[in-house]
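Inside the fold
So the chains spell out like this:
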Amino acid sequence: MSIEASRLYLAIPTRGEINHNTIAAVTLLYEAHPDLNLAITPGRLAVTHVRNQIVKNFLATACEYLFMVDDDVIPNPELLSLADEGKDIIGSIYPIMRPPQYLIPIPCAIQRCPDHNNQPEIIKNPFSHTGIVKVDAIGTGAICIARRVFEHPGMRVPFTFGIDEYGVMTRSEDVEFCL
């Protein structure tokens, strides 16, 4: 990792219990990089509330990159090196389950699908990709976001649910944020 750990902000959003494996992996990251800014951010409201509180806290620091690791995700030991890529948004793959379409854990990486009215869908052949893969959206369970994204003049409220004209949720806050 070439960026100083003191320039990185790692937050764990939680609305309940943090998986002990998540804590163990984050503890190893912190032990390897004791200058890392680490925050556990609880909230009893929607996940959007917790994520937006994290962004607010992050922007009050001088840190360059915000990392979020969900309370049920075990981060890759090399997670912090994602900042070295210099991308606006980059994530580490972690598995999700989406029955009935996907009955085994799949990577949370999403592309717009021209065959289905450009709706976001899990990338085709998710296990055939290696290295950095450009996608339209990723889950925020293990994500790195550059400060400039949140400081962009068009960015008002980063995390909101996609909703239809009736207020019914159509997209999760992470996919909505990326799109």
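This text gives an overview of the structure that appears in the document. (Residues numbered from 1 in each chain as written. Predicted model: local features only at pLDDT ≥ 70, side-chain atom pairs only at ≥ 80, totals over all residues. Heavy atoms only, no water.)

Remarks on the nonpolar core
In this structure, Leu 66 and Phe 67 are the most contacted members of the largest nonpolar core, which totals 46 residues. Mapped by element, the contributors of at least two residues to this core are β1 (8–14), α1 (20–32), α2 (47–59), β3 (65–69), β9 (137–138), β10 (142–146), α3 (147–151) and α4 (173–178). Among residues more than four places away in sequence, those in contact with Phe 67 are Leu 8, Tyr 9, Leu 10, Ala 11, Leu 79, Leu 80, Leu 82, Ala 83, Ile 143 and Cys 144. (Core = buried A, V, L, I, M, F, W, Y, C linked by side-chain atoms within 4.5 Å. Buried < 20%, exposed > 50% of the residue type's maximum accessible area, 1.4 Å probe, protein only. Helix = DSSP H or I, 4+ residues; strand = E, 2+ residues; numbered from the N terminus. Contact = heavy atoms within 4.5 Å.)

Details of the sheet that holds β1
With respect to topology, five strands assemble into an open sheet ordered β2-β1-β3-β10-β4, the strand pairing being mixed. Strands with a single pairing partner mark the edges of an open sheet, and in this sheet they are β2 (37–42) and β4 (89–91). Ignoring strand direction, the axes of neighbouring strands in this sheet form an average angle of 20°. Pairing analysis gives five bridges linking β3 to β10, with the strands arranged antiparallel. Within β10, the position partnered with Tyr 65 by the bridge is Ala 146. Set on the sheet, α2 makes contact with β1, β2 and β3; between it and β1 the angle comes to about 155°. (Pairing = 2+ DSSP bridges. Axes fitted to C-alpha atoms, helices over the stretch in contact; angles between N-to-C directions.)

What about α2?
End to end, α2 covers 19 Å across 13 residues, agreeing with the expected 18 Å (1.5 Å per residue, within 8%). Of all the positions in α2, only Val 47, Thr 48, Val 50, Arg 51, Ile 54, Val 55 and Phe 58 are classed as buried. Each buried residue of α2 lies within a common arc of 165° when the element is viewed along its axis, so the set occupies one face. In this structure, the buried side of α2 is in contact with β1, β2, β3, α3 and α4. (Expected span 1.5 Å × (residues − 1). Arc of directions from axis to C-beta.)

As for the layout of surface pockets
Considering only enclosed or pocket space, the second largest pocket measures out at about 690 Å³ in volume. In this structure, the second largest pocket is lined by 27 residues; those nearest its centre are Gly 91, Val 133, Lys 134, Val 135 and Ile 138. For the lining of the second largest pocket, the leading source of residues is β4, giving three residues. Considered class by class, the residues forming the lining of the second largest pocket number 17 nonpolar, six polar and four charged. (1 Å grid on protein atoms, 1.4 Å probe; cavity = no way out; pocket = protein on both sides within 12 Å on 5 of 7 lines; lining within 4 Å. Points joined across faces, edges and corners; volume = space filled by probe spheres on them. Nonpolar A, V, L, I, M, F, W, Y, C, P; charged D, E, K, R; others polar.)

Structural notes on the side chain of Asp 70
Here Asp 70 shows up in the loop between β3 and β4. Aside from chain neighbours lying at most four places away, what touches Asp 70 is Ile 12, Pro 13, Thr 22, Arg 51, Thr 140 and Gly 141.

Details of the sheet that holds strand β7 (residues 109–113)
Strand order across the open sheet formed by three strands is β8-β7-β9, with antiparallel pairing between neighbours. Since the sheet does not close on itself, it has two edges, and those belong to β8 (119–122) and β9, each with one partner. Of the pairings in the sheet, the one linking β7 to β9 comprises two bridges and is antiparallel in character. Following the sheet pairing, Ile 110 is matched in β9 by Ala 137.

Observations concerning the pattern of salt bridges
Under the criterion given, the structure shown has six salt bridges. In this structure, Asp 70 and Arg 51 form a salt bridge, with 2.8 Å as the shortest nitrogen-oxygen distance. Residue Asp 70 is found in the loop between β3 and β4, and its partner Arg 51 is found in helix α2; the two are separated by 19 residues along the sequence. For Asp 70, a relative accessible area of 15% translates into the label buried. Overlapping salt bridges bring together Arg 51, Asp 70 and Glu 173 as one network. (Salt bridge = Lys/Arg side-chain N within 4 Å of Asp/Glu carboxyl O.)

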